[in-house]
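What follows is the residue order along each chain.
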Amino acid sequence: MTSREIQALVERQREFFKSGATLPLKFRKEQLKKLYGAIKSRETEINAALQADLGKSSYEAFMCESGLALTEISYMIRHLNKFANPKRVRSPLAQFCSKSYTFPSPYGNTLIMSPWNYPFLLSIEPLTDAIAAGNTAIVKPSAYSPETGRIVEDIIKECFAPEYVATVMGGRTENSALLDAKFDMVFFTGSQNVGKEVLRRTAEHLTPCVLELGGKSPCIVEESANIELAARRIAFGKFLNCGQTCVAPDFILCHSSVKDAFVSAACAEIKRQFGDEPLKNENYGKIINQKHFDRLLGLIDKDKVVLGGYANADELRIAPTVMDGITYDDPVMCEEIFGPIMPIITYESFDEVISTLKEKDKPLALYIFSKNKEHIKRVRTELSFGGGCVNDVIIHLATSEMGFGGVGESGMGSYHGRAGFDAFSHHKSIVDKKNFIDLPMRYQPYGGKRNGKLLHFFLK
């Protein structure tokens, strides 16, 4: 699609939004139901696309992509009336007699730029929130996951008129043309570097953004942790989607007293979950493309590998890899891994962990495995991060009852459920003043004992 065609599409959506067609809640629910039905009917095609792009099994595709998307849609349908209602707040005495409330209204024309690692979920879930809030939307799937992008495009064409919801396919040229256009809100999921560019470009139009980025999410294994259970849950989260998950535990901080036990348990758990030859496991995925495959191989230090470390270049598959004896100076600690490599750093003092992490960029997620309530409290209160888990990983994002998002370097804004509806809404603050009384003390000429006493009474 050319720049001129993109601009024309944006203008058509702007006119459609101005018509007021997206505002009725009945209309929004009907559109969400269409989307739900289309996803259900195309589940086999969605699975095949995710298999082609990322090597995902049908089980993982449903568990982590289409199933979660369906959950968000049904949640929005059930709760939309409540979310869209005005929220009454207390009026100060000085505003007597009136009622005050906030009223959610759609931003208008929105742009959703989705990533390649969860290309279906992270296209459909924010789209669900945008529709529920009453916006129009243009969805831009990643060019790195073309098969899933085509399925997303087909579903959107089946369900919606292009002046309401449309898809723009393509790569950097199309991304740039979209960011040249003026939207009322932009939702971006991807890397920090691209997120910075999105923020720079949208600043030209003073467009609000939600940025869901990434970062090096730490996972602390404290000496009181249940080591076998920690290893099982960490192995699941670290190697899900071949490690290409924005909230995967990026590196492990393990207390010296339990480090050897954890390494042994992690290696055993990887073999249990993925087999002795994981590259022959049909349920284990692949790296998205050659560029990322080569980058990941460059992060593996063969001298520090205790498990894995080998790959199949023809299939772009890297075995689940564990590296021990890692320091913060190793290449694997200098960038977000986003792949099936688990570096382990040993620590002696919990104070050292807290002080070190305070100096690092704020991660999208942080995890701690511990039975020590004081240590858990310190992580929760002293460290800044988007979200996380105690004695588990990743699952905090799999609920519509809590918002999900980053902070600082890992992003801004949140979504899922109510938070998603709010992310795509502007909340107007409104005072509805009654006509039968009009207090005089705010009007000129100022002065007089009576007005002065009234002013002090109402404002004290």
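Residues numbered from 1 in each chain as written. Predicted model: local features only at pLDDT ≥ 70, side-chain atom pairs only at ≥ 80, totals over all residues. Heavy atoms only, no water.

### A few points about the pattern of salt bridges
Okay, so step 1: Considering all chains together, one arrives at 25 salt bridges under this definition.
Okay, so step 2: As a salt-bridge pair, Glu 45 and Arg 42 come within 3.0 Å of each other at their nearest N and O atoms.
Okay, so step 3: Its relative accessible area of 16% is what places Arg 42 among the buried residues.
Okay, so step 4: Between Lys 259 and Asp 260 there is a salt bridge whose closest N-O contact spans 3.1 Å. (Salt bridge = Lys/Arg side-chain N within 4 Å of Asp/Glu carboxyl O. Buried < 20%, exposed > 50% of the residue type's maximum accessible area, 1.4 Å probe, protein only.)

### Focus on empty space enclosed by the protein
Okay, so step 1: All chains considered together, the criterion is met by two cavities of 30 Å³ or more.
Okay, so step 2: One number sums up the size of the largest cavity: a volume of about 50 Å³.
Okay, so step 3: If you trace the largest cavity, you find it lined by Gly 215, Lys 238, Gly 243, Thr 245, Cys 246, Ala 248, Pro 249, Asp 250, Glu 336, Phe 338 and Gly 339.
Okay, so step 4: What the second largest cavity holds in volume is close to 40 Å³.
Okay, so step 5: For the second largest cavity, the full set of lining residues is Leu 111, Leu 178, Leu 179, Ala 181, Phe 183, Val 186, Thr 202, His 205 and Thr 207. (1 Å grid on protein atoms, 1.4 Å probe; cavity = no way out; pocket = protein on both sides within 12 Å on 5 of 7 lines; lining within 4 Å. Points joined across faces, edges and corners; volume = space filled by probe spheres on them.)

### Topic: the packing of aromatic side chains
Okay, so step 1: Applying the stated criterion to the full structure yields 12 aromatic pairs.
Okay, so step 2: Residues Phe 83 and Phe 421 carry aromatic rings whose centres are separated by 5.8 Å and whose planes lie at 45 degrees to one another, so their mutual orientation is tilted. In this pair, Phe 83 sits in helix H4 (residues 58–84) while Phe 421 sits in helix H14 (residues 417–423), placing the two residues 338 residues apart along the sequence. Of the two residues examined, Phe 83 and Phe 421, each falls in the buried class.
Okay, so step 3: Here the aromatic cluster, defined as three or more aromatic residues joined through ring pairs, consists of Phe 16, Phe 27, Phe 160 and Tyr 164. (Phe/Tyr/Trp six-rings, centres within 6.5 Å; stacked < 30°, edge-to-face > 60°. Helix = DSSP H or I, 4+ residues; strand = E, 2+ residues; numbered from the N terminus.)

### Side note on the side chain of Glu 153
Okay, so step 1: Structurally, the position occupied by Glu 153 is in helix H6 (residues 146–159).
Okay, so step 2: Setting aside residues no more than four positions away along its own chain, Glu 153 makes contact with Thr 167 and Met 169. (Contact = heavy atoms within 4.5 Å.)

### Brief notes about the sheet that holds strand S3 (residues 109–113)
Okay, so step 1: Read across the open sheet, the six strands follow the order S5-S4-S3-S6-S7-S18; overall the sheet is mixed. Single-partner strands in this sheet number two, and they are strand S5 (165–167) and strand S18 (411–412).
Okay, so step 2: Pairing geometry for strand S7 (residues 209–212) and S18, over two bridges, is antiparallel. Its bridge partner lying in S18, Glu 212 is registered against Gly 411.
Okay, so step 3: Helix-sheet contacts for helix H1 (residues 3–18) involve S3, strand S4 (136–140) and S5, and the interaxial angle to S4 is about 155 degrees. (Pairing = 2+ DSSP bridges. Axes fitted to C-alpha atoms, helices over the stretch in contact; angles between N-to-C directions.)

### Observations regarding the packing of helix H2 (residues 25–41) against H6
How two helices sit against one another is set out by the angle between their axes and by the gap between those axes.
Okay, so step 1: Packing of H2 against H6 brings their axes to within 10 Å, and their N-to-C directions diverge by 135 degrees. Classed by the angle they form, the pair H2 and H6 counts as oblique. Two packed elements cross with a definite hand, and for H2 against H6 that hand is right-handed. Note on element contacts: H6 touches H2 through Ile 155, Glu 158 and Cys 159, opposite Gln 31, Lys 34, Leu 35, Ala 38 and Ile 39.
Okay, so step 2: Across the contact of H2 with H6, the residue classes tally to five nonpolar, one polar and two charged. (Parallel < 35°, antiparallel > 145°, perpendicular 65-115°, else oblique. Left-handed = near helix turned anticlockwise from the far one by under 90°. Nonpolar A, V, L, I, M, F, W, Y, C, P; charged D, E, K, R; others polar.)

### Observations regarding the environment of Lys 82
Okay, so step 1: Structurally, Lys 82 is set in helix H4.
Okay, so step 2: Taking the relative accessible area as the measure of exposure, Lys 82 reaches 57% and is therefore exposed.
Okay, so step 3: Each C-alpha atom, one on Lys 82 and one on Arg 418, is 9.6 Å from the other, the two residues being 336 residues apart in sequence.

### Side note on the nonpolar core
Okay, so step 1: Counting residues in each nonpolar core, the largest one holds 118 residues, and the members touching the most others are Leu 127, Ile 220, Ile 234 and Phe 262.
Okay, so step 2: By residue number, the principal contributor to this core is H4, which donates 11 residues.
Okay, so step 3: Beyond its immediate chain neighbours, meaning those up to four positions away, Ile 234 contacts Cys 219, Val 221, Pro 249, Ile 252, Phe 262, Met 342, Phe 369 and Val 393.
Okay, so step 4: Ile 138, Ala 166, Leu 179 and Leu 211 belong to the second largest nonpolar core, which has 19 residues in total. (Core = buried A, V, L, I, M, F, W, Y, C linked by side-chain atoms within 4.5 Å.)

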